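Each chain, letter by letter, is given below.
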Amino acid sequence: MRNRLIVLILVLATGLSACASLTPQQCLSGDWQNIGFGDGVAGRAPDYINAHRDACSEVGIVPDFEAWLRGRAAGLQRYCSPENAYIIGRNGNRVSPVCSPDQRASMSYAYDWGLQYYELDQQIREAESEIARIESVILAELSLPELTPEQADRKARLLFQIRRLESDIRMAELRQRRYAQLPY
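Below is a summary of the structure that appears in this document.

Analysis parameters
- Residues numbered from 1 in each chain as written.
- Predicted model: local features only at pLDDT ≥ 70, side-chain atom pairs only at ≥ 80, totals over all residues.
- Heavy atoms only, no water.
- Axes fitted to C-alpha atoms, helices over the stretch in contact; angles between N-to-C directions.
- Helix = DSSP H or I, 4+ residues; strand = E, 2+ residues; numbered from the N terminus.
- Left-handed = near helix turned anticlockwise from the far one by under 90°.
- Contact = heavy atoms within 4.5 Å.
- Nonpolar A, V, L, I, M, F, W, Y, C, P; charged D, E, K, R; others polar.
- Phe/Tyr/Trp six-rings, centres within 6.5 Å; stacked < 30°, edge-to-face > 60°.
- Buried < 20%, exposed > 50% of the residue type's maximum accessible area, 1.4 Å probe, protein only.
- Arc of directions from axis to C-beta.
- Disulfide = S-S within 2.5 Å.

**Here's the deal with the packing of helix α3 (residues 32-41) against helix α5 (residues 65-79)**
Logical step 1: The N-to-C vectors of α3 and α5 enclose an angle of 30°; their axes lie 6 Å apart at closest approach. Considering only the axes of α3 and α5, their crossing is right-handed. Of α5, the residues touching α3 (which contributes Trp 32, Gln 33, Ile 35, Gly 36, Phe 37, Asp 39, Gly 40 and Val 41) are Ala 67, Trp 68, Arg 70, Gly 71, Arg 72, Ala 74, Gly 75, Leu 76, Arg 78 and Tyr 79.
Logical step 2: In terms of residue class, the contact of α3 with α5 is built from nine nonpolar, five polar and four charged.

**Focus on the packing of aromatic side chains**
Logical step 1: Taken as a whole, this structure holds four aromatic pairs when the rule is applied.
Logical step 2: Seen from their ring centres, Phe 65 and Trp 68 are 6.2 Å apart, and the 20° between their planes marks the pair as stacked. Highlighted residues: Phe 65 and Trp 68, both in helix α5, separated by three residues, approximately one helical turn.
Logical step 3: On the basis of relative accessibility, which here comes to 34%, the residue Phe 65 falls in the partly exposed class.
Logical step 4: Given a relative accessible area of 0%, Trp 68 falls into the buried group.

**Details of the side chain of Ser 96**
Logical step 1: Within the secondary structure, Ser 96 sits in the loop between α6 (82-90) and α7 (101-141).
Logical step 2: The residues touching Ser 96, leaving out its near neighbours within four places in the chain, are Gly 43 and Tyr 79.

**A few points about α3**
Logical step 1: Of the residues making up α3, those classed as buried are Trp 32, Ile 35, Gly 36, Asp 39 and Gly 40. In a view along the axis of α3, the buried residues occupy a sector of 140°, so they form one face of it.
Logical step 2: In this structure, the buried side of α3 is in contact with α2 (24-29), α4 (49-57) and α5.
Logical step 3: Just past α3, the residue Gly 43 takes up positive phi, approximately 75°.

**A few points about the state of the cysteines**
By definition, a disulfide is the covalent link that joins the sulfur atoms of two cysteine residues.
Logical step 1: This structure, assessed with the given rule, holds two disulfides.
Logical step 2: There is a disulfide in this structure between Cys 27 and Cys 56, and the S-S distance comes to 1.9 Å. On the S-S bond that ties Cys 27 to Cys 56, the torsion sits near -85°, and the link is left-handed. Taken together, the residues span a long stretch of sequence, with Cys 27 in helix α2 and Cys 56 in helix α4 at a distance of 29 residues. Grouping residues by exposure puts Cys 27 and Cys 56 together as buried.
Logical step 3: Through a disulfide, Cys 80 is tied to Cys 99; the S-S separation comes to 2.0 Å. An S-S torsion of about -90° defines the bridge between Cys 80 and Cys 99 as left-handed. Pair noted here: Cys 80 is in the loop between α5 and α6 and Cys 99 is in the loop between α6 and α7, with a separation of 19 residues, a long-range link.
Logical step 4: Under the relative-accessibility criterion, Cys 99 is labelled buried at 4%.

Below you can see the structure in the form of structure tokens.
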């Protein structure tokens, strides 16, 4: 009977907490140090425990705040590293303000290095998208066997624009190689 009640609670809580920070199973596991570690690695703020408290209240569990803090502190050591800052920048994300000033200082160069990679990647994608747009215009409007002089001129300008964009892509790719990994 007790097992059925737990299953029923889990099923109901799963439906109610589809966007919760933890699943009912995670709440019931009680591994708060490991949960805190995961939150630290993700760069979550100390008040994130409130989201867990809300999620777990549905199954009658109260988080172990001290164990969660210990785990989060260990996870932050990984989050607040230059290697992770590079990955964050390379993905175009911002560093969460959870690191100490000393850690942020050591992360800054790596983050900027990764952000350079990301920004060049965005330039490449935009140029590729523009090439695709121009090619669709040429295909839709300027693929006739006989073009008027104005159409031929427009097609030539568009083809020149494609060549220029392709050159821009090659240059960005060459610059991007410099930022493909941390220099140290």
